[in-house]
Amino acid sequence: MPVATKRDYYEVLGVERSASPDEIKRAYRKAAMQYHPDRSNGDPESEVKFKEAAEAYEVLSNPEQRERYDRYGHEGLSGTTAHDFSRMRPDDIFSVFGDIFGDMFGGGSARRAARGVDLQTEVVISMADVLDETERSIEFTRRDFCDRCAGKGAEPGSKVTTCDTCGGYGQVERSSGGGFFTTRVVTACPACHGRGKSFTDKCHDCKGSGRMPKRRVVTVKIPPGIQDGQAIRLRGEGEPGADGTSRGDLHCYVRVESHPFLHRHGNDLICVLPISFTQAALGATIEVPTLRGKEEIEIPAGTQFGEVVRMRGKGLPDLRSGRPGDQLVEVRVEVPRKLNSKQRELLRDFAETEDARVNPESKGFFDKLKEFFEFE
Ligand SMILES: [Zn+2]
Ligand SMILES: [Zn+2]
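Keep in mind that what you see is a predicted model, and the values were worked out from it rather than measured.

## Focus on the coordination of the zinc ion (ligand 1)
Now for step 1: In this structure, Cys-146 (SG), Cys-149 (SG), Cys-203 (SG) and Cys-206 (SG) serve as the protein donors to the zinc ion (ligand 1), at separations of 2.2 to 2.3 Å.
Now for step 2: One can describe the site at the zinc ion (ligand 1) as tetrahedral: its four donor atoms subtend angles covering 103 to 117° at the metal.
Now for step 3: Mapped onto the polypeptide sequence, the residues donating to the zinc ion (ligand 1) form the spacing pattern C-x2-C-x53-C-x2-C. Of this pair, Cys-149 sits in the loop between β2 (134–145) and β3 (160–162) while Cys-203 is found in the loop between β6 (197–199) and β7 (211–222), placing the two residues 54 residues apart along the sequence. The residues Cys-149 and Cys-203 share a single accessibility class, namely buried.

## Describing the coordination of the zinc ion (ligand 2)
Each angle at a metal carrying four tetrahedral donors should ideally be 109.5 degrees, and each at a metal carrying six octahedral donors should ideally be 90 or 180 degrees.
Now for step 1: Looking at the metal site, the zinc ion (ligand 2) is ligated by Cys-163 (SG), Cys-166 (SG), Cys-189 (SG) and Cys-192 (SG), spaced 2.3 Å from it.
Now for step 2: In this structure, the zinc ion (ligand 2) is surrounded by four donor atoms whose angles at the metal cover 102 to 116°, and the resulting shape is tetrahedral.
Now for step 3: Coordination of the zinc ion (ligand 2) draws on donor residues from a single chain, spaced C-x2-C-x22-C-x2-C in sequence. With Cys-163 in the loop between β3 and β4 (171–176) and Cys-192 in the loop between β5 (183–188) and β6, the pair connects residues that are 29 residues apart, well separated along the chain. Considered together, Cys-163 and Cys-192 belong to a single accessibility category, that of buried residues.

## Things to note about the sheet that holds strand β1 (residues 119–125)
Now for step 1: Spatially, the three strands line up as an open sheet ordered β1-β9-β8, and their pairing is mixed. A single partner strand is all that each edge strand has here, and the edge strands are β1 and β8 (231–234). Each strand of the sheet is rotated relative to its neighbour by a mean of 25°, with strand direction disregarded.
Now for step 2: Bridging between β8 and strand β9 (residues 250–256) involves four bridges; their strand directions are antiparallel.

## Focus: helix α4 (residues 63–72)
Now for step 1: What α4 keeps buried is the set Gln-65, Arg-66 and Tyr-69. All buried residues of α4 fall inside an arc of 100° around its axis, so they share one side. Opposite the buried face of α4, by more than 90 degrees, sit the exposed residues Pro-63, Glu-64, Arg-71 and Tyr-72.
Now for step 2: Buried residues in α4 make contact with α1 (9–13), α2 (21–35) and α3 (44–60).
Now for step 3: Backbone nitrogen of Glu-64 and a side-chain oxygen of the N-cap are separated by 3.0 Å at the start of α4; the cap is Asn-62.
Now for step 4: Positive backbone phi, at 75°, marks Gly-73, one or two positions downstream of α4.

## Regarding the confidence of the model for the protein
Fine structural detail should not be taken from predicted coordinates in areas where pLDDT scores are low.
Now for step 1: Mean pLDDT for the protein: 84, with 83% of residues reaching 70 or above.
Now for step 2: Low pLDDT (under 50) marks residues 102–112, which in the prediction has 24 contacts with non-local residues, meaning those over four places away or in another chain.

Definitions and cut-offs
- Residues numbered from 1 in each chain as written.
- Chains lettered and ligands numbered in written order.
- Predicted model: local features only at pLDDT ≥ 70, side-chain atom pairs only at ≥ 80, totals over all residues.
- Heavy atoms only, no water.
- Donors = N, O, S within 2.8 Å, 3.2 Å for Na, K, Ca; no water.
- Tetrahedral: all angles 85-135°; square planar, octahedral: opposite > 155°, others 65-115°.
- Helix = DSSP H or I, 4+ residues; strand = E, 2+ residues; numbered from the N terminus.
- Buried < 20%, exposed > 50% of the residue type's maximum accessible area, 1.4 Å probe, protein only.
- Pairing = 2+ DSSP bridges.
- Axes fitted to C-alpha atoms, helices over the stretch in contact; angles between N-to-C directions.
- Arc of directions from axis to C-beta.
- Contact = heavy atoms within 4.5 Å.
- Polar contact = N/O pair within 3.5 Å; in protein donor to acceptor, adjacent residues only side chain to side chain.
- pLDDT = per-residue confidence, 0-100.

Below you can see the structure in the form of C-alpha cells.
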C-alpha cells in the first residue's frame with residue numbers, strides 16, 4: 001500500500017492527538033461497530049473503513065508505535081511488525097483484538113465471561129400427557145462448584161495469590177499462524193482455569209479444578225400440544241462458566257410415546273376402526289378409544305370402507321393457540337372369512353333380494369361395463 005495515500009490515524013478514529021488510551025479504545029469500538037461487514041451487508045467501502053480503523057487502533061493503542069507515529073508519521077512505522085489488515089478477513093481482525101470485542105458484546109465487563117457448557121437430557125411422556133400441561137422432575141449430573149473449596153480450587157487455608165501466568169487477568173494471548181500473518185488469540189489461562197488466582201495447595205476434593213460432578217433435580221413444565229422431539233430450554237441449569245458466572249442452559253428433549261390405537265397427524269389423531277359389514281350396512285353405535293377414555297360414536301347406515309367419522313375437538317391442542325384438533329375415525333369394513341350354515345343361508349336369501357336399487361355404485365359399474373362391451 002503506498003504510504004502517501006494513508007489517512008491520518010487520529011482522523012480515522014475521529015480523536016484528538018492528545019486522546020487518552022481509553023478514548024482511543026472507545027473510538028475504535030464505535031468505528032468497528034459502525035463499519036463491521038455484518039452490519040453493512042458487505043458494502044466494500046465499509047470494509048475498507050473497518051480495516052482502516054483496525055490499523056489505526058493497532059498503532060495508536062501501542063505506546064511505542066504511537067510515539068513513532070507521532071514523531072515520524074506513517075514512514076516511522078515501516079519495518080515494524082504491524083498487521084496488514086487490508087489482507088485479512090474481518091473475523092480474523094476480531095480475533096486480533098479479541099479482548100476489546102469481548103467487552104463490547106459482553107456489556108462492558110473487564111473480562112469476557114466464558115459461558116458455561118449447555119447440557120441436554122430427555123424426558124418421555126405419553127400421548128395423553130400432551131393434552132394438558134404436565135410436569136416432570138428430571139435428575140441429571142453436571143460439573144458444578146466443589147463444596148470443599150467453593151469452586152475456587154484452593155485447599156481451605158491455602159495461600160491465594162494472583163496467577164503468575166496471566167497476571168490475574170484470567171486470559172492469555174497466544175500467537176497463531178506465523179511470519180507476516182501471525183495473529184494473537186485470547187484464551188482462558190491454562191494455569192488458573194480463567195480464575196486469575198493461584199494457590200499453594202490444591203483442593204483435595206477437586207484437585208484444583210474447583211468443579212465436582214453433582215446430581216441435580218429440576219422440574220420441567222411441558223406445555224400442552226408439544227411435538228415429539230421438541231426441546232424445552234431451562235436457562236441457567238447448565239454448567240457454570242470458567243469465571244464462575246454465566247451458566248449454560250439445560251435442553252430437555254421431549255419424547256412422546258406412541259399410542260396403541262391413536263396415531264398423531266399434526267394436532268389430529270387418527271383411529272382405524274374395524275366394523276362388520278352388517279354394522280356398516282345397518283348402522284351402529286360403537287365405542288372408540290380417545291385420549292380421555294372411551295366414547296361412543298354413531299356409524300350411519302350404509303357406511304363404506306375407508307369413510308371417516310370426525311370427532312370434533314377430540315384431538316390434541318395446538319402448541320401456540322391451544323385450539324384442539326380432531327379425532328378422525330377411519331372405518332374398515334370387514335368381510336367375514338367363515339360363515340356358519342345359518343349365516344350362509346341368510347346371506348343367500350339376502351342375495352336373492354338384492355338388485356341394482358340397493359347397490360347404486362355397483363349398478364353404475366355394471367352399466368358402464370355393459371356399454372363398454374357393446375362398443376367392442
Ligand atoms: Zn475443590
Ligand atoms: Zn492465570
